[in-house]
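Read off the chains here:
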Amino acid sequence: MAVKKAYKKVLRDKSYDFAIKIVKLSQFLMSEKKEFVLSKQVLRSGTAIGSLVREAEFGQSKADFINKMSIALKEANETDYWISILKDSDYINNEQYNMLHSKCAELIAMLVATVKTSKKTKNEKRKTKSEKRKTKSEKRKTKSEKRKIKEWRVCGENGKRY
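Nothing here was measured: the structure is a model prediction, and the numbers come from that model.

### Looking at the overall build of the chain
In terms of helices and strands, the chain carries 4 helices and 0 strands. By the burial criterion, 29% of the 162 residues in the chain qualify as buried. Sequence separation of 24 or more characterises 73% of the internal contacts of the chain that already satisfy a separation of 6 or more. When the accessible surface of the chain is summed, it comes to about 11500 Å², and 54% of that surface belongs to carbon and sulfur atoms.

This is the structure we're talking about:
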């Protein structure tokens, strides 16, 4: 359990740090490069990652948690796209791109792992509940079979009571 909490904290902190870098990138693009459209796109998607991770921490259910993390993953992928556009259109240099791309790729990998693990544990819990239901129904069957055997002993083969 402590490992999960530590991992969540790492993801939360990394997504927050990445959002700060994206805000600074957006400020740079608007003030230095006079670029307003792409800067707003990368700002929106880049900061959404951290907010979705935070929101997922207090999800109403496991499904809600998975949904928020999946959306955060999509936003991270979109941010990576905008960073590539900015590099290929010469708004940022290779050094800026490499730093942002590596941070974004790291977040993507962490989010993929989180979503996969969460889906796996959700499915395992579902199987466990299903197995418990089967066990209960098997117990019911066993009880009814025992009743039938008792009735047979009492009544005999021809159905008459002795």
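### What about the pattern of salt bridges?
Applying the stated rule across the entire model yields 8 salt bridges. Lys-68 is the salt-bridge partner of Asp-64, the closest N and O atoms lying 3.7 Å from each other. Of the two residues, Asp-64 and Lys-68 are both situated in helix α3 (residues 62-88); the distance of 4 residues between them amounts to about one turn of the helix. Residues participating in the shared-partner salt-bridge network are Arg-44, Glu-75 and Glu-78.

### Quick look at the environment of Leu-29
Residue position: Leu-29 is located in helix α1 (residues 2-31). Between the C-alpha atom of Leu-29 and that of Ile-92, which follows or precedes it by 63 residues, the distance is 8.4 Å. Ignoring any residue separated from it by four or fewer positions in sequence, one finds Leu-29 in contact with Lys-34, Glu-35, Ser-39, Leu-86, Tyr-91 and Ile-92.

### Considering the packing of helix α2 (residues 37-57) against α3
Where α2 contacts α3, the axes come no closer than 8 Å and their chain directions differ by 155°. Relative to α3, the element α2 lies roughly antiparallel. The interaxial crossing formed by α2 with α3 has left-handed handedness.

### So, the confidence of the model for the chain
Confidence in the prediction for the chain averages 88 pLDDT; 75% of positions are at 70 or higher. Of all helices and strands in the chain, the one with the weakest mean pLDDT is helix α4 (residues 94-155) (80), whereas α3 scores best (98).

### Comments concerning unusual backbone geometry
At Lys-34, a residue that is not glycine, the phi angle is positive and equals roughly 55°. If you trace the backbone, Lys-34 turns up in the loop between α1 and α2. Of note, the phi angle at Asp-90 is positive, near 65°, even though the residue is not glycine. Mapped onto the fold, Asp-90 is located in the loop between α3 and α4.

### Things to note about α2
Residues lying three or four places apart along an α-helix face the same way, a consequence of the helix completing one turn every 3.6 residues. Between its terminal C-alpha atoms α2 stretches 31 Å, which fits the 30 Å expected from 21 residues at 1.5 Å a residue. Along α2, the largest kink reaches about 30° and is centred on Ala-48. Those residues of α2 that sit buried are Leu-38, Ser-39, Val-42, Ser-45, Gly-46, Ala-48, Ile-49, Gly-50, Leu-52, Val-53 and Ala-56.

### Comments concerning the nonpolar core
Membership of the largest hydrophobic core comes to 29 residues, with the highest contact counts inside it found for Phe-18, Leu-25, Met-69, Ile-83, Ile-92 and Leu-111. Broken down by secondary-structure element, the contributors of at least two residues to this core are α1, α2, α3 and α4. For Phe-18, the contacting residues outside a window of four places in its chain are Gly-46, Ile-49, Thr-79, Ile-83, Leu-100, Lys-103, Cys-104 and Leu-107.

### Description of the packing of aromatic side chains
Each aromatic ring pair is summarised here by two numbers: the centre-to-centre distance and the angle between the ring planes. Per the counting criterion, the structure on display carries 1 aromatic pair. Ring centres 5.1 Å apart and planes at 70° place the aromatic pair Tyr-81 and Trp-82 in the edge-to-face group. A relative accessible area of 48% places Tyr-81 in the partly exposed class. The side chain of Lys-87 reaches across the aromatic face of Tyr-97, ending 4.9 Å from its centre.

The rules behind these values
Residues numbered from 1 in each chain as written. Predicted model: local features only at pLDDT ≥ 70, side-chain atom pairs only at ≥ 80, totals over all residues. Heavy atoms only, no water. Helix = DSSP H or I, 4+ residues; strand = E, 2+ residues; numbered from the N terminus. Buried < 20%, exposed > 50% of the residue type's maximum accessible area, 1.4 Å probe, protein only. Contact = heavy atoms within 4.5 Å. Areas by Shrake-Rupley, 256 points an atom, 1.4 Å probe, with all protein chains shown as cover. Salt bridge = Lys/Arg side-chain N within 4 Å of Asp/Glu carboxyl O. Axes fitted to C-alpha atoms, helices over the stretch in contact; angles between N-to-C directions. Parallel < 35°, antiparallel > 145°, perpendicular 65-115°, else oblique. Left-handed = near helix turned anticlockwise from the far one by under 90°. pLDDT = per-residue confidence, 0-100. Expected span 1.5 Å × (residues − 1). Bend = angle between axes of the 7 residues up to and from the residue. Core = buried A, V, L, I, M, F, W, Y, C linked by side-chain atoms within 4.5 Å. Phe/Tyr/Trp six-rings, centres within 6.5 Å; stacked < 30°, edge-to-face > 60°. Lys NZ or Arg CZ within 6 Å of the ring centre and 35° of its normal.

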